[in-house]
Every structure is written in structure tokens, then in C-alpha cells.
Amino acid sequence: MQEFKIGPNEEGQRLDKFLHKYLKEAGTSFLYKMLRKKNITLNKKKADGKEMLHSGDVVQFFFSDDTFLKFRGNTSVNSIENKTSNAGKKATDVAFLQYQKAYEKFKNIDIVFENQHILLLNKPAGILSQKSQPSDLSVNEWLIGYLLSTGQITKEQMETYKPSICNRLDRNTSGLMICGKSFLGSRQMNALIKERKIRKFYRTFVKGEVKDSSYIKGYLMKDEKNNKVTLKETVNESEYEQYVPIETAYSPIAWKNGYTYLEVELITGKTHQIRAHLSSKGHPLLGDEKYGDRKWNSRFEEYKIPKWQLLHSYRLEFPEMDGEFADISKCSFVAKEPEIYEKLR
């Protein structure tokens, strides 16, 4: 008999979802058969797989050692399985090497807040949120590398839950990102983001002297091939499937010499939304080569601004929460702005 004690990284999952991750070589029909025959039990009782797991729960497996290891993917019954196991081990080793490299490479990432469930960080511009190519190093790899290096997670625990970012920023957008350290943390943050309960504020510099606050709406369509979006103020019924509604609000902080230091609230959060939406209103972001004004950008060469948009995820405001998340209930978190902002203000 073998057993697994549920911890923070497994709680909140359904039992059958956990079993698929833990016994990764076992099929669905096999797992349900084992549950029916009580060869897999939860807290020494028969289970049907729909139960929600809590910290301290114990899952027991009444298998032979060979059967258990086989479905865990840790045995080599024959030469074919041995090759598969070796290939899987090699891939795992490569992944863990990437985690370590990312943690060492991005040691300048500041942690703004951290508890047992989530981590808020200040991403520098130039770093991917998630890898786009197998060889990429991103915030995702940094996160796991950090948690492994600080002993907050083990390789074994990652078999049932892999920590991950909850929101993405463009490579060249800096600022606050939310990461899920536990399954419960990821689930809660993703739900809040989906329901738009976390308010997200950005800071940027735009063309023109904006002296009044504004709330703007429109419709956005993404061109995946060219990684660019198209905006319309209104769409007809035939375009509803192509375009998604967007909402953006902004308020000026200060203005001078034909440009404005602006705070933007991202209400809907779509690809390139702030950059494209403000550009469509005649206020392109400073440094933006894709949606901006290159001639205007060139006026700021003396400041040595980067060749990308100056856009910083500055503040996150959380809603009222209780229980495991009472410590961030109604809290606001701020990420220090890049140095170039001080020169331009």
C-alpha cells in the first residue's frame, strides 16, 4: 500500500484531476475502476473522484509496488518503456536546468509581495512572461527556479501542480505580475482576473497634452500572423465574432512640452489594448514603434529611451476577500517605475 498526503499545492483540486497528474501513465477507465474497487481510497473511504481535496487528506493506493511505479512512470518493464522513461527523464532534466538558468539570469526581478499562495513581482521590460520557443527563458521559468531554490516546492510536488503566472505582460511592458504559488492561489487569482475584480493601473507617456480624464470603448481584432490588432469604435452584427469589446480609462498626472504622463486603467485587458486604443485617440505611447509615431519618438533621443513602448503595470487593487486571502483583502500594491520615468516626469 502507498499513500499521498494532500498539501497546499494539491488542495482545491478534484480527486480525479489529481489522480491523472499523479498516476500520469494510467488511463481514465483504469482510475475509475480502481476507485470503484476501493483500490484507491480517500481518507480510508470509498471515493468516486468528484471529491474536492483539502490539505491533510490522505489518498491511499492498494497496488503492488511494480504496478504503482509503472503508473507513476518510474519503471522500465521492457526496453520500449525504458526508452520512454529515459526520454521523459531527459526532458525533465532539461526543464529543471532551464528553471535554474532563468532564476540566475533574472535575479534583478523584484518581489513586491509574497505569501504561501501568490507572489507579485515587478517584471523588467525585455523579459517574456511565457516562453514562445522551447529554448526561451521567461518569468514562468524564473518563478519555478525561485521556488525550487528557496525550498518552497520540490520536484516531486511539481508532478501534481506546477506554479505559473496568472496574468501576462508584453515582453517590453514592465511592472506588476501575479503568480500562483499554490493551486488554490492560481485558481483564486485566475477567477478574480476573469471576473475583472482586480483593478489594474498602468503608467505611460503619450503624445499630446491630455488635460482631462476619459473613459473610452471600442472593439478589437487581433491579427495572429502579424501580432498586431485592429480597432473599431463600432461593429456590425457580422463582425461580432471577429471583434471583442474593449474598455479603457485614463487620467493625466502631469503634462509638458507636448506630452503627458498618464495613468491608464485597463478594464478589459486584451492584447495591445492600451497601446492601440490610445493611439486611435491621437495619443500614441512614447517609444511605441508598432502603433506609435516614429517621428515624434525621435524627438526624445537625448533621453536615450528604449526602442519600445514605455508602459508600466504600476498598481493592482484587490477586492475584499476572506479566509486564505484575507491578508490581501482590499489591498493595493505598487511596482517601482523604470529609471527613465524619472527623467521624463
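Above this text sits the structure in question.
Undergrad: Help me understand the layout of surface pockets, please; the structure alone is not making it clear to me.
TA: The probe, sized like a water molecule, is rolled over the atoms to show the empty space still left. Of the volumes computed, that of the largest pocket is approximately 1400 Å³. Lining the largest pocket are 48 residues, with Arg 168, Leu 169, Asp 170, Lys 270 and Thr 271 sitting closest to its centre. The set of elements that each furnish at least two residues to the lining of the largest pocket consists of β7 (164-165), α6 (183-194), β9 (199-207), β10 (214-223), β13 (259-266) and α7 (273-280).

Undergrad: Which parts of the structure should I look at to understand the sheet that holds strand β1 (residues 2-5)?
TA: Sheet strands associate in pairs through backbone hydrogen bonding, adopting either a parallel or an antiparallel arrangement. Read from one edge to the other, the open sheet built from four strands follows the order β1-β4-β2-β3, with strand pairing classed as antiparallel. Two strands bound the open sheet, and with one partner strand each, they are β1 and β3 (45-46). Of the strand pairs in this sheet, strand β2 (residues 40-42) and strand β4 (residues 58-61) are connected by three bridges, and their pairing is antiparallel. Considered in β4, the bridge of Ile 40 is made with Phe 61.

Undergrad: What is the right way to read the nonpolar core from this model?
TA: Nonpolar side chains in soluble globular proteins generally cluster together in the buried interior. Counting 33 residues, the largest nonpolar core has Leu 121, Trp 142, Ile 274 and Leu 278 as its most contacted members. At the level of secondary structure, the elements contributing two or more residues to this core comprise α4 (79-105), β6 (118-123), α5 (139-149), β8 (174-180), β9, β13 and α7. Take this core: its biggest share by element is six residues, from α5. Every residue in contact with Leu 121, bar those within four places of it in the chain, is listed here: Ile 109, Asp 110, Ile 111, Val 112, Val 139, Trp 142, Gly 175, Leu 176, Met 177 and Cys 179. The next biggest cluster of nonpolar side chains, apart from the first, holds 20 residues, and it includes Phe 18, Leu 31, Leu 35 and Phe 63.

Undergrad: Could you clarify how one ought to interpret empty space enclosed by the protein in this entry?
TA: Inspection of the entire model under this criterion finds one cavity of 30 Å³ or more. The calculated volume of the largest cavity comes to roughly 40 Å³. Every residue lining the largest cavity is listed: Asp 16, Leu 19, His 20, Thr 28, Leu 31, Tyr 32 and Leu 35. The greatest single-element share of the lining of the largest cavity, amounting to four residues, is contributed by helix α2 (residues 28-36). When the residues that make up the lining of the largest cavity are grouped by side-chain class, the tally is four nonpolar, two polar and one charged.

Analysis parameters
- Residues numbered from 1 in each chain as written.
- Predicted model: local features only at pLDDT ≥ 70, side-chain atom pairs only at ≥ 80, totals over all residues.
- Heavy atoms only, no water.
- 1 Å grid on protein atoms, 1.4 Å probe; cavity = no way out; pocket = protein on both sides within 12 Å on 5 of 7 lines; lining within 4 Å.
- Points joined across faces, edges and corners; volume = space filled by probe spheres on them.
- Helix = DSSP H or I, 4+ residues; strand = E, 2+ residues; numbered from the N terminus.
- Pairing = 2+ DSSP bridges.
- Core = buried A, V, L, I, M, F, W, Y, C linked by side-chain atoms within 4.5 Å.
- Buried < 20%, exposed > 50% of the residue type's maximum accessible area, 1.4 Å probe, protein only.
- Contact = heavy atoms within 4.5 Å.
- Nonpolar A, V, L, I, M, F, W, Y, C, P; charged D, E, K, R; others polar.

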